[in-house]
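Residues per chain, in single letters:
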Amino acid sequence: MTPYARRGVHGQTVETLARRVLSGEIPEGATLDLVSLQGELDVSLTALRESLKVLAAKGMVDARQKRGTFVRPRSDWNLLDADVLRWQFAGSTGTGTDLALLRNLGEVRGIIEPAAVRLAAERRTGADLDALEAALTAMGEEEGGAAHAVEADLAFHRALLAATHNELLERMEMVIESGLAHRDEIVHSSLHGEDPVPSHRAVLDAVRDQDPETAERAMRALLAQAVRDLDRVHGSESDTGPATTGDTHNGSSAQ
């Protein structure tokens, strides 16, 4: 998904407004002064209103007669929307914020991926296995650098969800990828991660063997490795809470 910031003035306006809302710079319940914002952002009123429509579709703002456009309560926001997740990571100001959000996403992964991999083991096709093998091969290639490792990791988990042949589970990649990509960026800055290939290979082998129970155990082990890698980066072994997200690549990232 192309970030809004790369989509011209409209996209940049969406990104700016979203990050201000998510950071609390524009707090919940606040009424927006559109004229002031138009001048500050140097955009047309039409462009500003179109940008606000994007945020409205994500539950972040609304408009009412006599009140104008205002920020809705956080409980109304679509926090699982891929853009909203990305904006939260991009706008975070400290590792504590990052870590809390990553742990929340990790709990979501811990619910979704072990169940999804069971279905993948039962339903995978030859094409699914080829996609998983290609992603795993790419994950083991060091010459591509961090960006290559991140994309290989995302491709592996994307292929696993696709192998479930469940359209709704496949769409969960938009949620999982946001956390994975951000976690990979964090762990790639460290030299202490474990090699991700063996844990991913164990998952793939079980899926190939059409062994749902072993596949689920392998996925849970992979997620546990992700926790260890993230905690090493943050300077402490984890003893608090369920598996987080992400992957580590050769001392970098990939789970």
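In case you missed it, the structure is sitting above this.
Residues numbered from 1 in each chain as written. Predicted model: local features only at pLDDT ≥ 70, side-chain atom pairs only at ≥ 80, totals over all residues. Heavy atoms only, no water.

Visitor: How would you sum up the packing of helix α2 (residues 34-41) against helix α3 (residues 45-57)? Please name residues and give values.
Guide: Between α2 and α3, the least distance of the axes is 10 Å, while the angle of their chain directions is 105°. Here α2 is positioned roughly perpendicular relative to α3, judged by the angle of their axes. Contacts between α2 and α3 involve Leu-34, Leu-37, Gln-38 and Leu-41 on the former and, on the latter, Leu-45, Leu-48, Arg-49 and Leu-52. (Axes fitted to C-alpha atoms, helices over the stretch in contact; angles between N-to-C directions. Helix = DSSP H or I, 4+ residues; strand = E, 2+ residues; numbered from the N terminus. Parallel < 35°, antiparallel > 145°, perpendicular 65-115°, else oblique. Contact = heavy atoms within 4.5 Å.)

Visitor: Can you break down the pairing of strand β1 (residues 61-64) residue by residue, with the values?
Guide: Judged from the 4 bridges that link them, β1 and strand β2 (residues 68-71) form a sheet pairing that is antiparallel. Across the sheet, the residue bridging to Val-61 is Val-71, located in β2. Here β1 hands over to β2 after 3 residues, with Lys-66 in that stretch at a positive phi of 75°. (Pairing = 2+ DSSP bridges.)

Visitor: Can you lay out the environment of Leu-101 for me, pointing to particular residues and giving the numbers?
Guide: Mapped onto the elements, Leu-101 comes out in helix α5 (residues 95-123). Residue Leu-101 is classed as buried on the basis of its relative accessible area of 15%. For the pair Leu-101 and Gln-88, spaced 13 residues apart in the sequence, the C-alpha separation amounts to 8.6 Å. (Buried < 20%, exposed > 50% of the residue type's maximum accessible area, 1.4 Å probe, protein only.)

Visitor: An account of the nonpolar core is requested, with residue identities and associated values reported.
Guide: Val-117, Leu-132, Phe-156, Leu-160, Val-203, Val-207 and Met-219 are the most contacted members of the largest nonpolar core, which has 23 residues in total. Looking at this core, the elements that each hand over two or more residues are α5, α6 (126-139), α7 (145-162), α10 (197-208) and α11 (212-233). For this core, the element with the highest residue contribution is α6, accounting for 6 residues. Beyond its immediate sequence surroundings of up to four residues, Met-219 is in contact with Glu-113, Pro-114, Val-117, Leu-160 and Val-203. One finds Val-14, Val-43, Leu-52 and Met-60 within the second-largest nonpolar core, a separate group that totals 21 residues. (Core = buried A, V, L, I, M, F, W, Y, C linked by side-chain atoms within 4.5 Å.)

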